[in-house]
Amino acid sequence: MLQWLYDHKWQIVTVLLLVGAAAALWAWIEDRHSAELAVLRNELARNDQELQAASRQVEELRAQLGRKQEEIAKLQRTNDRRIQEVTSNAYKQARALGDDDLLAAYNRLITGARSRNADRERTDSGD
């Protein structure tokens, strides 16, 4: 056995050198992959943080939108109620007027509208 080892020592050394070189190459490749994997993990963590921040911002904006929509609905209800009150009061006042008063009010309304239109036409034509 020793004789065989002695006779093949250069082949054995060569094989050991090749195995060592292969192990070193494998370790180098593993280190590179580990470094790339660490970079990708860091990027993933950063992207995850950005996504969470964006999600929080979206939730905050949705909450704001909900509050604004509630405010708008409240304003619309208030406006509708006021329009109904004004309309109701106008109908009551119109019913209370006599025919002559109602006709005079209508004529004032028409005269005012014509006057405003005439003023607009003079302004538009550059007079």
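Residues numbered from 1 in each chain as written. Predicted model: local features only at pLDDT ≥ 70, side-chain atom pairs only at ≥ 80, totals over all residues. Heavy atoms only, no water.

### A word on the overall build of the protein
Moving on, step 1. The helix and strand tally for the protein stands at three helices and zero strands.
Moving on, step 2. Each helix and strand of the protein, placed in order from N terminus to C terminus, yields the pattern α-α-α.
Moving on, step 3. Scored against the burial criterion, the 127 residues of the protein give a buried share of 2%.
Moving on, step 4. Carbon and sulfur atoms provide 58% of the accessible area of the protein, an area that totals close to 11800 Å².
Moving on, step 5. Side-chain charges of the protein comprise 19 positive and 20 negative groups, with the mean position of each set lying 6 Å from the other. (Helix = DSSP H or I, 4+ residues; strand = E, 2+ residues; numbered from the N terminus. Buried < 20%, exposed > 50% of the residue type's maximum accessible area, 1.4 Å probe, protein only. Areas by Shrake-Rupley, 256 points an atom, 1.4 Å probe, with all protein chains shown as cover. Lys, Arg positive; Asp, Glu negative; His and termini not counted. Charge placed at Lys NZ, Arg CZ, Asp CG, Glu CD.)

### Here we look at the pattern of salt bridges
Two side chains with opposite charge may pair up if their charged atoms get near one another.
Moving on, step 1. In this structure the tally under the stated criterion is four salt bridges.
Moving on, step 2. Across the pair arginine 62 and glutamate 59 runs a salt bridge whose closest N-O atoms are separated by 3.4 Å. With arginine 62 and glutamate 59 both in helix H2 (residues 9-96) and three residues apart, the pair spans about one turn of that helix. (Salt bridge = Lys/Arg side-chain N within 4 Å of Asp/Glu carboxyl O.)

### Thoughts on a nonpolar patch on the surface
Moving on, step 1. Together, Met1, Leu2, Trp4 and Leu5 make up an exposed nonpolar region whose accessible area comes to about 510 Å².
Moving on, step 2. In this fold, tryptophan 4 is placed in helix H1 (residues 2-7). (Patch = residues over 30% accessible without salt bridge, like charges linked within 9 Å, V, L, I, M, F, W, Y side chains within 5 Å.)

### Things to note about the environment of glutamine 64
Moving on, step 1. As for its placement among the helices and strands, glutamine 64 is situated in helix H2.
Moving on, step 2. Distance in space between the C-alpha atoms of glutamine 64 and aspartate 100 is 54 Å, their sequence separation being 36 residues.

### What about the confidence of the model for the protein?
Moving on, step 1. Scored by pLDDT, the protein comes out at a mean of 89, with 97% of its residues at no less than 70.
Moving on, step 2. Taken element by element, the protein is modelled with least confidence in H1, mean pLDDT 80, and with most confidence in H2, mean pLDDT 93. (pLDDT = per-residue confidence, 0-100.)

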